[in-house]
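Take a look at the letters that make up each chain.
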Amino acid sequence: MIEIRRNDPCPCGSGKKYKKCCYMDKEKNWKILRAANRAQTRKDIIKILNERPQVYKLKVKLDSMKAEHFKSTISRNIEIEGTDTLYDLHLEIQRAFNWDNDHMFSFFMSNQIWDKQSEYKANPLGEHMVSSFGDTSKPAGETEIGDLSLQKGSSFKYLFDFGDEIIHSIEVVEVYENNDPDASFPRLVKSVGKAPPQYEW
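Reading the values: the criteria
- Residues numbered from 1 in each chain as written.
- Predicted model: local features only at pLDDT ≥ 70, side-chain atom pairs only at ≥ 80, totals over all residues.
- Heavy atoms only, no water.
- Phe/Tyr/Trp six-rings, centres within 6.5 Å; stacked < 30°, edge-to-face > 60°.
- Helix = DSSP H or I, 4+ residues; strand = E, 2+ residues; numbered from the N terminus.
- Buried < 20%, exposed > 50% of the residue type's maximum accessible area, 1.4 Å probe, protein only.
- Lys NZ or Arg CZ within 6 Å of the ring centre and 35° of its normal.
- Contact = heavy atoms within 4.5 Å.
- Pairing = 2+ DSSP bridges.
- Core = buried A, V, L, I, M, F, W, Y, C linked by side-chain atoms within 4.5 Å.

Draft legend 1. Examining the packing of aromatic side chains more closely. A full pass over the atoms with the stated rule returns nine aromatic pairs. Centre to centre, the rings of F105 and Y158 are 6.3 Å apart; their planes meet at 50°, and the pair counts as tilted. You can see F105 sitting in strand β4 (residues 105–108) and its partner Y158 sitting in strand β7 (residues 155–160), a full 53 residues away along the chain. Residue F105 is classed as buried on the basis of its relative accessible area, which comes to 0%. Members of the aromatic cluster, connected to one another through ring pairs, are Y87, F105, F107, F156 and Y158. The ring of F97 is capped by R76, whose NZ or CZ atom sits 4.9 Å from the centre of that ring. The side chain of K138 reaches across the aromatic face of Y120, ending 5.2 Å from its centre.

Draft legend 2. Up close: the side chain of E92. One can find E92 in helix α3 (residues 86–97). Leave out the neighbours within four places in its chain, and E92 touches I78, P186, R187 and L188.

Draft legend 3. Representation of the pairing of strand β3 (residues 75–81) in the model. Counting buried residues in β3 gives seven out of seven residues, a clear majority hidden from the surface. The side-chain alternation of β3 yields two buried faces, one formed by S75, N77, E79 and E81 and the other by R76, I78 and I80. By the bridge criterion, seven bridges tie strand β1 (residues 54–65) to β3 in an arrangement that is antiparallel. The partner of K59 across the bridge, within β3, is N77. By the bridge criterion, five bridges tie β3 to strand β9 (residues 187–192) in an arrangement that is antiparallel. Residue pairing in the sheet places I78 in a bridge with L188 of β9.

Draft legend 4. Region of interest: the nonpolar core. L89, I93, F97, F107 and I170 are the most contacted members of the largest nonpolar core, which totals 32 residues. Counting only elements with at least two residues in this core, the list comes to β1, β3, α3, β4, β5 (119–122), β7 and β8 (166–177). The element that contributes the greatest number of residues to this core is α3, accounting for six residues. Setting aside chain neighbours within four positions, we find F107 in contact with L86, L89, H90, I93, S118, E119, Y120, F156, K157, Y158 and I170.

Below, the structure written as structure tokens:
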């Protein structure tokens, strides 16, 4: 990790002081800090900033809903960039399954539902809601896909609606570098089976 002081030259290479450059822009500053956290030297920061984000192809399979397990496969394949967050992934899953984004959600990176040590969560607006009961969860809205050490074959769980417990299994099918400048992410690339209605009325 490289420490960046306010009066240091901005790591973006503009020649300005950090405090008068990327520090003033929330999105740019977040990218600078993320790169500095991964870097071993100052040159590494510029290299990381100029990296093409990798694309993660994820198979999202609906496992159960209201404790009902599904015999037939209901799944969606989604491609998302490493610079997108878990909240971005949540929104894309919502669109892919036609869920209503009106409940809390969690990702469990250990692939175990209710494993608090590996939990990333947020409310429908992407805000990290922390309870006072020893909550060790991390913010889904601030966690980029590329920072989770995911590789082909990695698996984790997605839980939407803590009441109805709509549980999904997610598998990393492929990780690749995008060479198409016109490609738009995240995107749905495959759909199998019809998702059940979220509500009975």
